[in-house]
Structure formats: C-alpha cells, structure tokens
Amino acid sequence: MEEFRRAYARLCAAPQDAVLRRLRERGEAPGRARLDLAEQSLSLETCGALGRLLPGAAHFAEVALGDCGLSEDGVKLLLHGLCSNTTVKSLDLKGNNLRTTGAEALGKLLRQNKSIRSLILEWNSLGVWEEGFSFFCQGLGANNFLQRLDLRNNQINHHGAGELAVALKRNASLQELDLRWNNVGLLGGRALLSCLQSNKTLKKLELAGNNVPSDILKAVEQAMDHNRDRQTILSETQNRTCVLSKEILNLKDEKTKQFLDLMDTIDKQREEIARSGRISAGRVSQLQEALNEQHSIMNSLKAKLQMTEAALALSEQKVHNLGELLSATKQEQANMAERHFAELQQQKQEGADREGKLFRDLSASNEKNLFLRNQVDELEKKCKVQQDQLFQLKQDLTNTTAELKLRAVQAEERLEMEKRRFKQSLEDMESLRLKEVDHLTQHMEASERSMQDRVQRLEAIRIALEEELSQVKAAALTERSHAEEELIKVRNQARLDEQQRLEHLEEKLRLMTEARDEAQNCCLKQKQMVGEAQVKANQLSLHADGLRRRIEELQQDLNSKEQEKVTEVNKVKVELQEQIGHLQAERTAQEGLREKIAALERQLKVLSSNHREALLDKEGEISVLMEKLRMKEADISRMREEEAQRASILQNAIMAYVQGSSLGTHSLRK
C-alpha cells in the first residue's frame, strides 16, 4: 500500500491530501487487499492516476469508490485501467450519478475484464439514456464471469428491462441481480420473466418497488426456485460423477496392480523354470560326458585286458568311481523329486488358504447382506408414509440380494467342482511322479508353451472383466436415473400439497382481509358520526355564546330574571355535558374498534408466520427425505461395488486355480 501511495503521489502533479491520508490509513490497517476511497471527492487527475496504477495493482481484491462524485471522464479513465486488471474481484461505484459515458465504459469493462465477480452500481442514472444502457447490457451479455450485479435506484424503465432480458438470455454466469426501486413496470417484468425460460443460472432476482404485478413477481420467484433446485441437482450430480470416476480409477488401478503382480509372478516362475532347465541340462551333459568316458575306458580295457593285472585293477578303480558318481546322480534325482513333492504340498496349502479366504469373504458378504436387510427394515418402519414411493427401490434391493445369493451359490458350486478336480489331479500327479523325472526336458518345453497360453487366457479374462465393469457402470447409471425420477415425482407431489395448502391459506387470508375491510368501513362510519357530533357541538357552543351575550345584556336590564337565566344556563350546561359524555362514549367505542383492528392484524401476522413455519418444516422434511434417499442410494451402490469387486477377485482366484491345476495335470499326463 505504501508503494501504491508513492506511485500515486509521483503521477499526480497536485495529489489530493484526503486520498493520501486514506491510503496511509489503509496501509497501516491489517487488511491490505482492499482499496477504499469511498466518500472522497476524486478529481480528474486522481482518476487518471488511479486508472494507470490499477492494471499493476496485484494486491487489491476489492475497490470501493462509492459516493465519490466522479465525473464522466474520470469514470472512463478509471474503468479503462480496470479493463486489464486480473486481481480485483469486487467493484463498488454506488452514488456517482453515472450516465451515458459511464454506462458505455462499464459495458467495455464487462466485455474485457475476466476477474470481477461483484459489481455494485446503486444510486446512479444508468437507465436515463437508452443508448448508453443498451451498450452496458451488451457488455453484460458478453461477460461470463460476473456473479452479482446491483442496479438499485438507476431509473431503469421497461425499455431498459427489455435490454437486460436480452443480455440475461446470453449471460451464463450471473447468479444475483438487484433491480429494486426502479421503474420496470408491467412490460419490463414480462420481459424479465420471459428471459428466465432460457437463463438457468440466475438464482436471485429482486424486483421490489418497480410497479410489477404480484402474479409476475410470483412467477419470477418460482423461476428462481426452479433455478436454485436445478443448481443444487447439478452440483449433486457433478459430485456423484466425480465420486464414481474416482472409484472407477481406483478400480482400474487395483486391476492394473493385480495384473502387474500376476505378470511378476509369471516372470518369476519362468525364471525359476529356466534356471532349473539350465541346471538339469548341465547335469545331463555331465552324465553324457561320464558315459563317454566310461565307453572309452571300456574300450581301453578290452584292448589292454591281456596286458597287465595292474591295468585291470586300475580299470576296476575307475569303475568304482563311476559307480559313486552314478549314486550321486541318483541321490540328486531323489532330492529333486522331494523338492517337487514339497512344491506340490505348498500349492495344496495355498489352495486351502485361498478356499478359506473365499469362504471368509462369502461369510462377510452374507453378514453385510443381513446388516443391510436390518437397515432396510428400520427404514421401512421409519418411512411408512413414503412406502408407496420407495417400493421400487425395495424391489431393486431384493433383486440385487437375490443375484448376490445366486452368485454365492454358483461360487460355492464352482469351489466344490474345483476341489474334486484338484483331488483327482493330485492322485494323477502321485501316480505319474516317477515318470516326470525321465521326461524333464519335455516338461520344460511344455511348461513354456502352457505359460504362454496362460498369459493369453489372462489377457482374455482381463478383457472380459473390463466388459463386465462397463456393464455394471451402465446398470448403475440406469438405477441412478430411476432414483432421480422417483425423487422428481416425490418433489412434484410435495409441491402440489404445498400449493393446495397455500391456496387454502390464501382463501383464509382473503376472508380476513374482507373482515378487515368491513371493520375499516365501520371505523369510517364512526368517524363520520364523530365529525357530525363535533359540528353539533360547535353549533351548540356558538349558541351558548349567543345566550351568554344575551344574558349579559339582559343582566343590565332585568335583574329580576337573573335566577331564571341562571337556571337556563345550568340546563344548557347539563345538555352540553350529556353531549360531551355521548361523544366520549363514541370515542371509547372507536378505540375498541381500533383495538379489534390491531388484534385482527396480529392474528393475520400470526397466520402468516405459521404459514412460513409450515413451509419451512415441509422443506426440512423434503431435505431429510432427500438426504435419506441419497444415503440409501450410496449404500446400495457401495454394496454393489463391493460385491462386484469380491466377485471379480473370486473369479480371478478360481480361474487362476483352475488354470494352474489344468496345466499341472496336462504336464503330468505328458
């Protein structure tokens, strides 16, 4: 802020002291993201300096220039500087009497600026000149970033409202528009109402003080409610799609991880098979070399049989060594057979562990199904009123549980079949274990071919699982669409009920207003009677004054008739007192009528407050039902996803188990 103040002082030949003082105060304040020059009379030079500084003022998020008495040229310079600004989010220009030039500059600002979200233009004169306001509306229609616009007290007539309606049809970002205390009228209200059919983003439109009929105001309020509901539904669907996409990505990652782990295990098994093949080939070559040496020794023994006994003893020693070598090779073959048997036992143990894991998964799924059934029963007890609307959802839930049970039974049958196959393969392997040592080299080649076939089968299984995942996604989308249709039906029913209640309350309100009008008519009649009584009292007072003057004149002439005149005066006073008493009684009656009117007004207020509370309660009930329905949908989708994951894991395990056992039996038969 201090740098901004210095730059302002440097650009201005005669900087304003009030502006410097306000900038210094704002620089000492803790919040520095606001440029507040409200209620400061800014000169043209100050406006030009601010217009040159604002494009680079990166630390201002709000600019307040309300009640500054800006001239047309000053406003043009300021807004020209804000056109290239990218940090200001809120602009306040209320009370500056902006006219044609200001409206055109604002239209240019709305066309070029992409950061301003809130624009306050209260107490200006933008609607006086139609051309300037039309340019402003064109800029508003081209803007897709502004969210709040305040146009209170801007002398906007029905032509300006029509321009605003055209701009709102093109605008897709404005959420709040305040047009209170203008002169929109009937035609402007109709134009704004017609534009709301195409504008689905505006959530708040204020039209009080515009001489707009009540039916148009109600229609506008209904359109705003529809837009708000649409925005909430859109946000919910976006959140759901984000969650589903994240879950799908997680599933894909898990599948890729499982596939990579499987490929790693396959590579490791290939390496082990290649290593064992190399070792066996080396041993076979050693045995072949030993046999060749034995043949050469036997030939040499036949050639030198008759030469010496020493050569015979030497040959016997060599035969003995060869026998030891053969015994060593036999021992190694026995060790290899034991190792193969241990590997078979380990495979048996792994199969048993997999069976136990699958049984545990099945038991967990059954428990979860029981838990979900209990939850469904509780929801049925709590939501007896909505039992007809949720019947379809219950039927879908029973279908999914039946499908899960059917899948569980099928999986158990598959497990039993695989157990029988595995036992049969074990018996075959035990019978063919001795033949496997003789055909070791052939087994290596067959195992390599089987591993390649197994990789191809795994690829086919992966493709099938991806197709099944796409089918599950499509089913989830259809179920979600059905649930949304049910929700729309529930909302429509609730709105119909609320409309009926509202019509009933409006009828009661009409009756109360008629009673109030009758009471007001009675009050007017009483007021007329009071006025007539006052006229009579004035006439009587004039008559009493005449009598008094006559008494004074007669007192000088007729002293003898003084007592009679006194009695007459007393009579007149008594009559006046009686009339005054009647007037007071009428006044008390009028006060009682006023109290009755006040009581009726209080009753009307109580009825309106009760109506509002009933509406709020109904909205709360609708929100609670929507939340329960959403939670139920989330539970059902989560249960389906978990069951699909478990079924895919179970299917992968069974297929791997079946392929492993079939490969083992095939190799043993060879």
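Going by the structure above, here's the rest.
For clarity, every value in this text was computed on a predicted model and none was experimentally measured. Along each chain, numbering runs from 1 in the same order as the chain's sequence is written. Only residues with pLDDT of at least 70 are given local features in this predicted model, and only at 80 or more are side-chain atom pairs given and counted; all residues enter the totals for whole chains, interfaces and linings. For side-chain calculations, the full set of non-hydrogen atoms in the structure is used, while hydrogens and water are omitted.

A. The arrangement of the overall build of the protein in detail. Going along the chain from the N terminus, every DSSP run of H or I of four or more residues is numbered as a helix, and every run of E of two or more is numbered as a strand. From N to C terminus, the protein includes 14 helices and seven strands. Considering only intrachain contacts with a sequence separation of at least 6, the fraction spanning at least 24 residues in the protein is 85%. Only carbon and sulfur atoms are counted for the fraction: they give 53% of the accessible area of the protein, which is about 42200 Å². In this description, contact between two residues means that some pair of their heavy atoms is separated by no more than 4.5 Å. Note on areas: these come from Shrake-Rupley sampling with a 1.4 Å probe, and a residue is covered only by the protein chains present in the view.

B. Fine view of the sheet that holds strand S1 (residues 34-36). Paired strands, as defined in this entry, are two strands with at least two bridges between them according to DSSP. In spatial order, the strands read S1-S2-S3-S4-S5-S6-S7; together these seven strands make up an open sheet with parallel pairing. At either end of the open sheet lies a strand with only one pairing partner, and these are S1 and strand S7 (204-206). Mean inter-strand twist for the sheet, computed between neighbouring axes without regard to direction, equals 0 degrees. With three bridges connecting them, strand S6 (residues 176-178) and S7 associate as parallel partners. Across the sheet, Asp 178 pairs through a bridge with Glu 206, a residue of S7. The angle between two axes is taken between their N-to-C directions and runs from 0 to 180 degrees, where each axis is a line fitted to C-alpha atoms and a helix contributes only its stretch in contact.

C. The arrangement of the pattern of salt bridges in detail. Any Lys or Arg side-chain nitrogen located within 4 Å of an Asp or Glu carboxyl oxygen qualifies as a salt bridge. In this structure the tally under the stated criterion is 17 salt bridges. Salt-bridge contacts for Arg 228 lead to Asp 225; the nearest nitrogen and oxygen are separated by 2.3 Å. Here Arg 228 pairs with Asp 225, and both are found in helix H9 (residues 214-303), just three residues apart, close to one helical turn. A network of salt bridges, in which partner residues are shared, links Glu 122, Asp 150, Arg 152, Asp 178 and Arg 180.

D. Quick look at the packing of aromatic side chains. Centres within 6.5 Å are what make two rings of Phe, Tyr or Trp a pair, Trp counting through its six-membered ring; a difference in plane orientation under 30 degrees is then read as stacked, over 60 as edge-to-face, and the rest as tilted. The final tally for this structure, using the stated rule, is two aromatic pairs. When the ring of Phe 4 is compared with that of Phe 60, the centres are 5.0 Å apart and the planes differ by 85 degrees; the resulting orientation is edge-to-face. A residue pair is termed long-range when its members are at least 10 positions apart, and Phe 4 in helix H1 (residues 2-11) and Phe 60 in the loop between helix H3 (44-53) and strand S2 (62-64) qualify at 56 residues. Relative accessibility thresholds used throughout: buried, under 20% of the residue-type maximum; exposed, over 50%; partly exposed, between the two (1.4 Å probe, protein chains only). Exposure remark for Phe 4: the relative accessible area of 5% places this residue in the buried category. We note Arg 111 situated over the ring of Phe 135; from NZ or CZ to the ring centre the distance is 5.9 Å. Two conditions define a charge sitting above a ring: the NZ of Lys or the CZ of Arg must be within 6 Å of the ring centre, and it must be within 35 degrees of the ring normal.

E. Structural view of helix H4 (residues 72-82). All of the buried residues along H4 are Gly 74, Val 75, Leu 78, Leu 79, Gly 81 and Leu 82. Within H4, the buried residues cover an arc of 155 degrees as seen down the axis, which keeps them to one side. At its buried positions, H4 is contacted by H3, strand S3 (90-92) and helix H5 (100-112). When we speak of the arc, we mean the arc of directions from the helix axis to the C-beta atoms.

F. Region of interest: the state of the cysteines. Only a pair of cysteine sulfur atoms within 2.5 Å qualifies as a disulfide here. With the rule as written, the count across this model stands at zero disulfides. The thiol of Cys 12 is not disulfide-bonded; the next cysteine sulfur, from Cys 47, is found 9.5 Å away. Classification of Cys 12 as buried rests on a relative accessible area of 5%.

G. Main features of a negative patch on the surface. A grouping of Asp 261, Asp 264, Asp 267, Glu 271, Glu 272 and Glu 343 is seen on the molecular surface, where their side chains present a negatively charged patch. The dominant element in the negative patch, judged by the number of residues it contributes, is H9, at five residues. For Glu 272, the position within the fold is in helix H9. Like charges are joined within 9 Å and nonpolar side chains (Val, Leu, Ile, Met, Phe, Trp, Tyr) within 5 Å, but only among residues with over 30% relative accessible area and no salt bridge; these make up the patches. For the purpose of counting charges, residues Lys and Arg are taken to be positive, whereas Asp and Glu are taken to be negative. His and the chain ends are not included. Charge coordinates come from a single atom per side chain, which is NZ of Lys, CZ of Arg, CG of Asp or CD of Glu.

H. Local environment of the packing of helix H6 (residues 130-142) against helix H7 (residues 158-170). Orientation of H6 relative to H7, taken along the N-to-C sense of each, is 15 degrees, at an axis distance of 7 Å. As judged from the angle between their axes, H6 and H7 are roughly parallel. Regarding H6 and H7, the two cross each other, and that crossing is right-handed. Only His 159, Gly 160, Glu 163, Leu 164, Ala 167 and Arg 170 of H7 make contact with H6, whose side of the interface consists of Glu 130, Phe 133, Ser 134, Cys 137, Gln 138, Leu 140, Gly 141 and Ala 142. Note on residue classes: Ala, Val, Leu, Ile, Met, Phe, Trp, Tyr, Cys and Pro are nonpolar, Asp, Glu, Lys and Arg are charged, and everything else, Gly too, is polar. Considered class by class, the residues forming the contact of H6 with H7 number six nonpolar, five polar and three charged. Working rule for angles: under 35 degrees goes down as roughly parallel, over 145 as roughly antiparallel, 65 to 115 as roughly perpendicular, anything else as oblique. Throughout, a crossing is termed right-handed when the near helix is turned clockwise from the far one, and left-handed when it is turned anticlockwise from it by less than a right angle.

I. Main features of the environment of Asn 143. Within the secondary structure, Asn 143 sits in the loop between H6 and strand S5 (148-150). C-alpha separation for the pair Asn 143 and Lys 114, spaced 29 residues apart in sequence, amounts to 7.8 Å.

J. View of the side chain of Ser 648. If you trace the backbone, Ser 648 turns up in helix H14 (residues 562-669). Polar contacts, as counted here, are pairs of nitrogen or oxygen atoms within 3.5 Å of one another; within protein the pair requires one atom able to donate a hydrogen and one able to accept it, and residues that are adjacent in sequence qualify only if both atoms are side-chain atoms. At 3.0 Å, the side chain of Ser 648 and the side chain of Lys 255 are in polar contact. In this structure, Ser 648 is in contact with Lys 255 and Leu 465, ignoring residues within four places of it in sequence.

K. Looking closely at the packing of helix H8 (residues 185-195) against H9. Close contact between H8 and H9 brings their axes to 10 Å; oriented N to C, the two are set at 20 degrees. With respect to H9, the element H8 is oriented roughly parallel. Both H8 and H9 take part in a crossing whose hand is left-handed. Between H8, through Leu 186, Gly 189, Arg 190 and Leu 193, and H9, the contact on the second element is made entirely by Ile 216, Ala 219 and Val 220. The class makeup of the residues in the contact of H8 with H9 is five nonpolar, one polar and one charged.

L. Representation of the side chain of Ser 134. Summarising the element assignment, Ser 134 is placed in helix H6. Of the polar contacts made by the side chain of Ser 134, one reaches the side chain of Glu 163; its length is 3.5 Å.

M. Examining unusual backbone geometry more closely. Here Asn 153, not a glycine, exhibits a phi torsion of approximately 55 degrees, which is positive. Mapped onto the fold, Asn 153 is located in the loop between S5 and H7. The class for Asn 153 is buried, based on a relative accessible area of 18%. With a phi close to 55 degrees, Gln 155 is a non-glycine residue in the positive phi region. Along the chain, Gln 155 falls in the loop between S5 and H7. Residue classification places Gln 155 among the partly exposed residues on the basis of a relative accessible area of 49%.

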